[in-house]
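# Secondary and tertiary structure notes
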Amino acid sequence: MNCEDLMNMKQIRQGMKLVAGERGINRNIRWIYFADCVQCLNNEVDLSELIHGEELVIVTNESLTGNDDTIIDMIKVMFDKNIAGFVINEGQISDKVIDYCNEIELPLYELSIDLHLIDLSQIVCKALVEEESNTNSRERILSSVLYSDNVNAEEILEQANYLGINLSGKHRIIVMNIQDSERQPNKRRAADEGHMMEIRENIKKSVETEFRSYGVRNLMVLSQANAVLILLPAELFSRDLLVTILTNIMKRGSEKYHIAIKAGVGASYEYIEDFKKSYQEARNVMAVSKIASKEEKVYFYEDLGIYSLIAQISNGKFLDDYVESRIGKLIKADQMQEGELCETLEAYLNHNCNANATAEALFIHRNTMRYRMDKIKKILDDELSDMSVFLELKLAFAIKCYRDNRGE
């Protein structure tokens, strides 16, 4: 639930109004915190330690709200801990506080005396518990779709409809991989696992919030290991719009948590039984992304080209044997002599067997290029001008690159 959802509740809307911070209306609410008691704390208590993030903070004590500097200092400390919003009794909010909340884009609400705190607490807490239950149900459904061997499509549809989710039409799976921007030692990574779990949950919330702003509510999202999985209605978003949305999510996550995020997008399918295919395709895309340019952040299965075929071959030995049969001798020659024959041949093939263009690309002399090509032809004992040989060698290098970067 976020601050906008709060104001869509009829019982609350009639007794509480937003007076500032409208631009922060999408901030998530995790729980309620009644902060009137902070005046009883001694000076040694750090106020920030009382806040865990995403609380809707309520202050009604005039000894706090009557002093602008005091209440603004409170808001400042709590805002740094990522509170959801701030609630103050009507008649106790100054223009200075309103201006400050507008400046930092923190939702500030004025609470009517007609809405009793006990009623507000019950309404919000009940809604949060119901939302948590629905979230867990959506995750169970998505897990069942992606991991069960025998999916009961009718049962899945019935469960989804009960939760207000329409699974008719084409859907696709998106896998967002999350990693430390800098590889940490194993001991450090283990110590940070709890923190990474929190980051994944926050990225998940960011995904839900972003797509909600485009009218998709009750989105199926699942946090798993080092990834966030999304089941998305495919026909609602063009390719360009989807890239924009995912890029925004990843940019904010990277800036806030100093992590590296990439997204793989599977093909769209109409039948629930086929959603698992989209998931596997998205995973394959993420494997191939290790080969692609580091500048790219969003990868689509339909763009994989030859790698879409390679990724579907689960028999790793078969792929490795193919590489060995085509360029194995060349690989061994490089290992024994610390040579650059594989690099040279791959560049030669990529430049359509143009020796001069290859020499320029590798920054080597033409005589050096000629010498290397003579050695390559001798080792492989193949006629590189033959189209079938050309294609086999191209495929061998593609498989080698895929296998070298698969992360297994």
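Below is a short write-up of the structure. Per chain, the residues get numbers from 1 upward, laid out in the order the sequence is written. Only residues with pLDDT of 70 or above have their local features reported here, since the model is predicted, and side-chain atom pairs are shown and tallied only from 80 upward, although totals for entire chains, interfaces and linings are computed over all residues. Here the side-chain values reflect all heavy atoms present in the structure, with hydrogen atoms and water set aside.

## Let's talk about the overall build of the chain
Definition in use: By the criteria applied, helices consist of DSSP H or I runs no shorter than four residues and strands consist of E runs no shorter than two, each listed in order from the N terminus. Atoms counted for the radius of gyration: C-alpha only. Globule rule: 2.2 Å times residue count to the power 0.38. The rule is simple: take the accessible area with a 1.4 Å probe, protein chains only, and divide by the maximum for that residue type; under 20% is buried, over 50% is exposed, in between is partly exposed. Per-residue and other accessible areas were derived by the Shrake-Rupley procedure at a 1.4 Å probe size, with only the shown protein chains allowed to occlude residues. We count Lys and Arg on the positive side and Asp and Glu on the negative side, and we leave His and both chain ends out. Note on charges: their place is set at NZ of Lys, CZ of Arg, CG of Asp or CD of Glu.
When helices and strands are tallied, the chain shows 17 helices and 10 strands. Here the C-alpha atoms of the chain give a radius of gyration of 28 Å, more than 25% beyond the 22 Å that 2.2 N^0.38 yields for 408 residues. When the backbone C-alpha atoms are referred to their principal axes, the chain occupies close to 90 × 50 × 35 Å. Put simply, the chain has 408 residues, and 47% of those count as buried. As displayed, the chain has an accessible area near 22,400 Å², and 46% of this comes from carbon and sulfur atoms. If the 48 positive side-chain charges of the chain are averaged to one point and the 66 negative ones to another, these points end up 7 Å apart.

## Topic: the nonpolar core
So the rule is basically this: Nonpolar cores are built from buried Ala, Val, Leu, Ile, Met, Phe, Trp, Tyr and Cys residues. Side-chain atoms within 4.5 Å join them into one set. We call two residues in contact whenever any of their non-hydrogen atoms come within 4.5 Å of each other.
Val175, Leu345 and Leu393 are the most contacted members of the largest nonpolar core, which has 62 residues in total. The leading source of residues in this core is helix H17 (residues 387-404), at 8 residues. When residues no more than four places from it in sequence are discounted, the contact partners of Leu345 are Leu330, Ile376, Leu380, Leu384, Leu393 and Phe397. Ranked by size, the runner-up nonpolar core spans 27 residues in total, among them Met176, Ile203, Phe211 and Val265.

## Structural notes on the environment of Phe300
Turning to its location among the elements, Phe300 is positioned in strand E10 (residues 298-300). Distance in space between the C-alpha atoms of Phe300 and Arg239 is 9.2 Å, their sequence separation being 61 residues. In this structure Phe300 touches Arg172, Arg239, Leu242, Val243, Val265 and Val285, once residues within four positions along its chain are discounted.

## Some points on a negative patch on the surface
Using the following cut-off: Patch criteria: residues need more than 30% relative accessible area and no salt bridge. Like-charged residues are merged within 9 Å; nonpolar side chains of Val, Leu, Ile, Met, Phe, Trp and Tyr are merged within 5 Å. Definition used for salt bridges: Asp or Glu carboxyl oxygen within 4 Å of a side-chain nitrogen of Lys or Arg.
On the surface, Asp381, Asp382, Glu383 and Asp386 cluster together to form a negatively charged patch. Inspection of the secondary structure puts Asp382 in the loop between helix H16 (366-380) and H17.

## Notes on the packing of helix H6 (residues 117-147) against helix H11 (residues 275-289)
Rule in force here: Only the contacting stretch of a helix is used when fitting its axis, a line to C-alpha atoms as for every element, and angles between N-to-C directions run 0 to 180 degrees. Note that the term roughly parallel is reserved for angles under 35 degrees, roughly antiparallel for angles over 145, roughly perpendicular for angles of 65 to 115, and oblique for everything else. Amino acid classes used here: Ala, Val, Leu, Ile, Met, Phe, Trp, Tyr, Cys and Pro are nonpolar; Asp, Glu, Lys and Arg are charged; the rest, including Gly, are polar.
Remark: H6 packs on H11, axes separated minimally by 8 Å, with the N-to-C direction vectors making an angle of 80°. Classified by the angle their axes make, H6 and H11 are roughly perpendicular. Side by side, H6 and H11 meet where Val145, Leu146 and Tyr147 of the first sit next to Phe275, Lys276 and Tyr279 of the second. The residue inventory of the contact of H6 with H11, partitioned by class, reads 5 nonpolar, no polar and 1 charged.

## Here we look at unusual backbone geometry
One non-glycine residue, Glu54, lies in the positive phi region at around 70°. Along the chain, Glu54 turns up in the loop between strand E2 (31-34) and strand E3 (55-59). One non-glycine residue with positive phi stands out, namely Phe363, at about 60°. On the secondary structure map, Phe363 appears in the loop between helix H15 (355-362) and H16. Residue classification places Phe363 among the exposed positions, given a relative accessible area of 76%.

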